[in-house]
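# Observations on the three-dimensional arrangement
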Amino acid sequence: MIALDHLRHVNAAPARSARERYRAGRIEPTSGVAPGFTQANMIVLPRDWAFDFLLYAQRNPKACPVLDVSDPGSHTTLLAPDADLRKDIPLYRIWRDGTLAEETADATAAWAEHPDLVSFLIGCSFTFETPMVEAGIEIRHMTDKSNVPMYLTNKACRPAGRLHGNMVVSMRPIPASRVSDAATISGRFPAVHGAPVHVGAPEEIGIKDLSKPEFGDPVRIEPGEVPVFWACGVTPQSVIASAKLPFAITHSPGLMLVTDLRNRQLAVL
């Protein structure tokens, strides 16, 4: 968790503008939106499941680095004080008995089903994409204006209470000569997944076909490029399915909450 009191002094107009677009109904992947501002994954659970998830996140900080946790029944966060977590993400997923029941641009009706929902905001690897681009490393899904590819792996996370499941990873093709640079840059951001968890050889982590991601869109891999994999904040969605949670709300993969927090505030020098 991070100290958030200083956010009241941040000029967050680009982040607020993005949230206003999404509240008005625009749906789009958020990679590259409001450059310089941290983005967050979200999972919302009834209070009865909140401790199990908090313990799960504590045991699996690479996949589930928690940035903020709401009070039960709240739909606000200090990461973006004027945001409404029910409306300001481009697209939401509603889960029932471990199954994806619907996607919606406004989660207000589903939120009203449970008066004690607890929201967890989890670091997103989009945060370190801007410094990678500034260092001259192409982010292919940004170039192609697509969603980042995400894959369910065979890497089991450490269980907690009633929760269990495998890690999800995001993938970016990186020139072989720049892999160490990409690892160094992302490693400066441990609060948003940090350095890669795997490089090359996707079959070693249970990925059979890079052209068929479980979430997001496939991307081109050019000659001389290596697939590099980072732990992903979609991991909680694999947990929902594996543990068959009775009810949950999440963001749709790749469509995040744009917060008022600056990326540089998360960097470890």
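Below is a summary of the structure that appears in this document. All values derive from a computational prediction rather than experimental measurement.

Turning our eyes to something else, we now look at the side chain of S125. Along the chain, S125 turns up in the loop between β5 (117-123) and α4 (129-134). S125 gets classed as buried once you look at its relative accessible area, which sits at 5%. The contact partners of S125, leaving out residues within four places of it in the chain, are S170, R172, V192 and H193.

Most peptide bonds take the trans form, and the phi angle of most residues other than glycine is negative. For A201, which is not glycine, the phi dihedral falls at a positive 40 degrees. Inspection of the secondary structure puts A201 in the loop between β8 (198-199) and β9 (225-231). You can call A201 partly exposed: its relative accessible area is 26%. If you check the backbone angles, K244 has positive phi at about 55 degrees while not being a glycine. By the secondary structure assignment, K244 is in the loop between α7 (235-243) and β10 (247-251). Exposure remark for K244: the relative accessible area of 56% places this residue in the exposed category.

Take the pattern of salt bridges next. Pairs can form between side chains of opposite charge whenever their charged atoms are close. Within this structure, the stated rule accounts for 16 salt bridges. Between R19 and D260 there is a salt bridge; the shortest N-O distance is 2.9 Å. Taken as a pair, R19 in helix α1 (residues 13-23) and D260 in strand β11 (residues 257-262) lie far apart in primary sequence, 241 residues in all. Considered together, R19 and D260 belong to a single accessibility category, that of buried residues. The network of salt bridges with shared partners includes R19, D82 and D260.

Among the secondary structure elements, T250 is positioned in strand β10. The class for T250 is buried, based on a relative accessible area of 0%. Side chain to side chain, T250 and Q237 meet in a polar contact 3.3 Å long. Excluding residues within four positions of it along the chain, T250 makes contact with M42, I43, Y92, R93, W95, Q237 and I240.

Another aspect to go through is the packing of aromatic side chains. Tallying each qualifying case throughout the model produces four aromatic pairs. Summarising the aromatic geometry, the rings of F128 and W230 are spaced 5.6 Å apart at their centres and angled 40 degrees between planes, so their arrangement reads as tilted. With F128 in the loop between β5 and α4 and W230 in strand β9, this residue pair connects regions lying 102 residues apart in the sequence. You can call F128 buried: its relative accessible area is 0%. Pairing Y151 with F229 gives two aromatic rings, centres 6.4 Å apart and planes at 75 degrees, and the pair type is edge-to-face. Taken together, the positions of Y151 in strand β6 (residues 150-156) and F229 in strand β9 put the pair 78 residues apart, joining distant regions of the chain. Here Y151 matches F229 in class, with each residue buried. Among the aromatic side chains, those forming a connected cluster through ring pairs are F53, Y56 and F120. Above the plane of the ring of W49 lies R162, whose end atom (NZ or CZ) is 3.8 Å from the centre. For the cation-ring pair, R172 lies above W230, with the distance from its terminal atom to the ring centre recorded as 5.2 Å.

What follows is about the pairing of strand β4 (residues 99-104). Judged from the five bridges that link them, strand β3 (residues 92-96) and β4 form a sheet pairing that is antiparallel. Looking at β4, one finds that R96 is bridged to T99.

Within the sequence span of α1, burial applies to A15, A18, R19 and Y22. Considered in projection along α1, the buried side chains sweep an arc of 95 degrees and stay on one side of the axis. Packing partners of the buried residues in α1 comprise β1 (37-46) and β11.

Each value, and the rule that gives it
- Residues numbered from 1 in each chain as written.
- Predicted model: local features only at pLDDT ≥ 70, side-chain atom pairs only at ≥ 80, totals over all residues.
- Heavy atoms only, no water.
- Helix = DSSP H or I, 4+ residues; strand = E, 2+ residues; numbered from the N terminus.
- Buried < 20%, exposed > 50% of the residue type's maximum accessible area, 1.4 Å probe, protein only.
- Contact = heavy atoms within 4.5 Å.
- Salt bridge = Lys/Arg side-chain N within 4 Å of Asp/Glu carboxyl O.
- Polar contact = N/O pair within 3.5 Å; in protein donor to acceptor, adjacent residues only side chain to side chain.
- Phe/Tyr/Trp six-rings, centres within 6.5 Å; stacked < 30°, edge-to-face > 60°.
- Lys NZ or Arg CZ within 6 Å of the ring centre and 35° of its normal.
- Pairing = 2+ DSSP bridges.
- Arc of directions from axis to C-beta.

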